[in-house]
Amino acid sequence: MTNEELMENAKAATRFSYAPYSNFKVGAALLTEDGELYTGCNIENASYGATNCAERTAIFKAVSEGKKKITKIAVAAGDGSTAYPCGICLQVMQEFMPEGTILLEEHGIIVSYSLKELLPKGFTL
């Protein structure tokens, strides 16, 4: 799957977002080591700590089905802005895709980052 196709899947996932508090809809699409596609969206809650980001939704879906090696994830905001992953999501990525690629759209251009670039001192065992 191309980076463009993965980003389109991330954008499509924003339509399932539940964001009544922030109105900031985010979608994510990832590829596992064996080429499986998983998507996720952000799911907010009145108790903000119970909110889950799109990236973690997609990762947890994959892991819950036995896919623990992720190679690439695309993240898209429904409003077209850049949706940089939060620290919690980056740390979850450290667990399941330490050598993976993160795709973001910046000013209409797909930009590729390594996890090390966005989380240079991630916690590992």
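What counts, and where the lines are drawn
Residues numbered from 1 in each chain as written. Predicted model: local features only at pLDDT ≥ 70, side-chain atom pairs only at ≥ 80, totals over all residues. Heavy atoms only, no water. Pairing = 2+ DSSP bridges. Helix = DSSP H or I, 4+ residues; strand = E, 2+ residues; numbered from the N terminus. Disulfide = S-S within 2.5 Å. Buried < 20%, exposed > 50% of the residue type's maximum accessible area, 1.4 Å probe, protein only. Axes fitted to C-alpha atoms, helices over the stretch in contact; angles between N-to-C directions. Parallel < 35°, antiparallel > 145°, perpendicular 65-115°, else oblique. Left-handed = near helix turned anticlockwise from the far one by under 90°. Contact = heavy atoms within 4.5 Å. Nonpolar A, V, L, I, M, F, W, Y, C, P; charged D, E, K, R; others polar.

1. Topic: the pairing of strand β5 (residues 109-114)
Side-chain positions along a regular strand alternate between the two faces of the sheet.
Consideration 1: Across six bridges, strand β4 (residues 101-106) lies against β5 in antiparallel orientation. Across the sheet, residue Ile102 finds its bridge partner in β5, namely Tyr113.
Consideration 2: In textbook terms, the turn of a hairpin is the stretch between consecutive antiparallel strands, and for β4 and β5 this stretch comprises two residues, one of which, His107, has a positive phi near 55 degrees.

2. Some thoughts on the state of the cysteines
Here, disulfide denotes a covalent bond that connects the sulfur atoms of two cysteines.
Consideration 1: Under the definition given, this model contains zero disulfides.
Consideration 2: The thiol of Cys86 is unpaired, and the distance to the nearest cysteine sulfur, on Cys89, comes to 3.7 Å.
Consideration 3: Note on Cys89: relative accessible area 0%, which makes it buried.

3. Here we look at the packing of helix α2 (residues 54-64) against helix α3 (residues 87-96)
Consideration 1: Close contact between α2 and α3 brings their axes to 9 Å; oriented N to C, the two are set at 25 degrees. Judged by the angle between their axes, α2 and α3 are roughly parallel. Considering how the two elements wind past one another, α2 and α3 form a crossing that is left-handed. Contacts from Glu55, Arg56, Ile59, Phe60 and Val63 of α2 reach α3 at Ile88, Cys89, Val92, Met93 and Phe96.
Consideration 2: Of the residues contributing to the contact of α2 with α3, the split by class is eight nonpolar, no polar and two charged.

Note that every value here comes from positions in space, so none of it alone points to a role or purpose.
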